Amino acid sequence: MISLRTALLATFLLAVSYRYATARPDTPKECCFDYVTGPIQFTKLVDFYRTSSDCHLQAVVLETRANLTLCADPSKLWVKRAMSRLEAKKKQKSQSAHRR
């Protein structure tokens, strides 16, 4: 008959292996846990991207000229305006590169 200790060890090993077997390989690499408190000057921003939809807090990550990344609330008006302006700037650069 199996001892209680052996049964507990087997149960633990099964639970751990189940956890690794069902782990999602596409776990987000970067999530935000809070937002920057106020607006950032547009002239300091160079790019942006959105965090994964798997993150608990949906955010826009703003990249600055000083190589900082700041999490911002995508529902805020200043963030929406910054994203629009950065997109327009990106389009303008790609159009001017095609003309050359």
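In this text, all values refer to a predicted model and were calculated from it rather than measured experimentally.

Caption draft 1: Spatial organisation of the sheet that holds strand β1 (residues 45–50). Taken in spatial order, the 3 strands make up an open sheet running β1-β2-β3, and their pairing is antiparallel. In this open sheet, the two strands that pair with only one neighbour each are β1 and β3 (69–72). Between one strand axis and the next, the sheet turns by 25° as a mean value, whatever way the strands run.

Caption draft 2: Structural detail: the pattern of salt bridges. In total, this model carries 1 salt bridge according to the counting rule given. Across the pair Asp47 and Lys90 runs a salt bridge, and its minimum N-O distance is 3.3 Å. A residue pair is termed long-range when its members are at least 10 positions apart, and Asp47 in strand β1 and Lys90 in helix α2 (residues 77–99) qualify at 43 residues.

Caption draft 3: Spotlight on a positive patch on the surface. A surface patch of like charges, here positive, comprises Arg65, Arg85, Lys89 and Lys93. The residue Lys93 is located in helix α2 in this model.

Caption draft 4: Looking closely at the packing of aromatic side chains. One pass over the full model with this rule turns up 0 aromatic pairs. One Lys or Arg, Lys90, reaches over the ring of Phe48 and ends 5.7 Å from the middle of that ring.

Caption draft 5: Focus on the state of the cysteines. A full pass over the atoms with the stated rule returns 2 disulfides. Across the disulfide from Cys31 sits Cys55; the S-S distance is 2.0 Å. Because the sign of the S-S torsion sets the handedness, a value of about -80° for the bond joining Cys31 and Cys55 places this disulfide among the left-handed ones. Here Cys31, found in the loop between α1 (4–21) and β1, pairs with Cys55, found in the loop between β1 and β2 (60–64); they are 24 residues apart in sequence, far enough to count as distant. The class for Cys31 is partly exposed, based on a relative accessible area of 27%. According to the relative accessible area criterion, Cys55 is buried, its value standing at 5%. The disulfide partner of Cys32 is Cys71, and the gap between their sulfur atoms is 2.0 Å. Its S-S torsion of approximately -75° makes the covalent link between Cys32 and Cys71 left-handed. With Cys32 in the loop between α1 and β1 and Cys71 in strand β3, this pair connects stretches of sequence that are 39 residues apart.

Caption draft 6: Looking closely at unusual backbone geometry. The phi dihedral of Asn67 is positive, around 60°, even though this residue is not glycine. Position of Asn67 relative to the elements: it lies in the loop between β2 and β3.

Here is what the cut-offs are and how they apply
- Residues numbered from 1 in each chain as written.
- Predicted model: local features only at pLDDT ≥ 70, side-chain atom pairs only at ≥ 80, totals over all residues.
- Heavy atoms only, no water.
- Pairing = 2+ DSSP bridges.
- Helix = DSSP H or I, 4+ residues; strand = E, 2+ residues; numbered from the N terminus.
- Axes fitted to C-alpha atoms, helices over the stretch in contact; angles between N-to-C directions.
- Salt bridge = Lys/Arg side-chain N within 4 Å of Asp/Glu carboxyl O.
- Patch = residues over 30% accessible without salt bridge, like charges linked within 9 Å, V, L, I, M, F, W, Y side chains within 5 Å.
- Areas by Shrake-Rupley, 256 points an atom, 1.4 Å probe, with all protein chains shown as cover.
- Lys, Arg positive; Asp, Glu negative; His and termini not counted.
- Charge placed at Lys NZ, Arg CZ, Asp CG, Glu CD.
- Phe/Tyr/Trp six-rings, centres within 6.5 Å; stacked < 30°, edge-to-face > 60°.
- Lys NZ or Arg CZ within 6 Å of the ring centre and 35° of its normal.
- Disulfide = S-S within 2.5 Å.
- Buried < 20%, exposed > 50% of the residue type's maximum accessible area, 1.4 Å probe, protein only.

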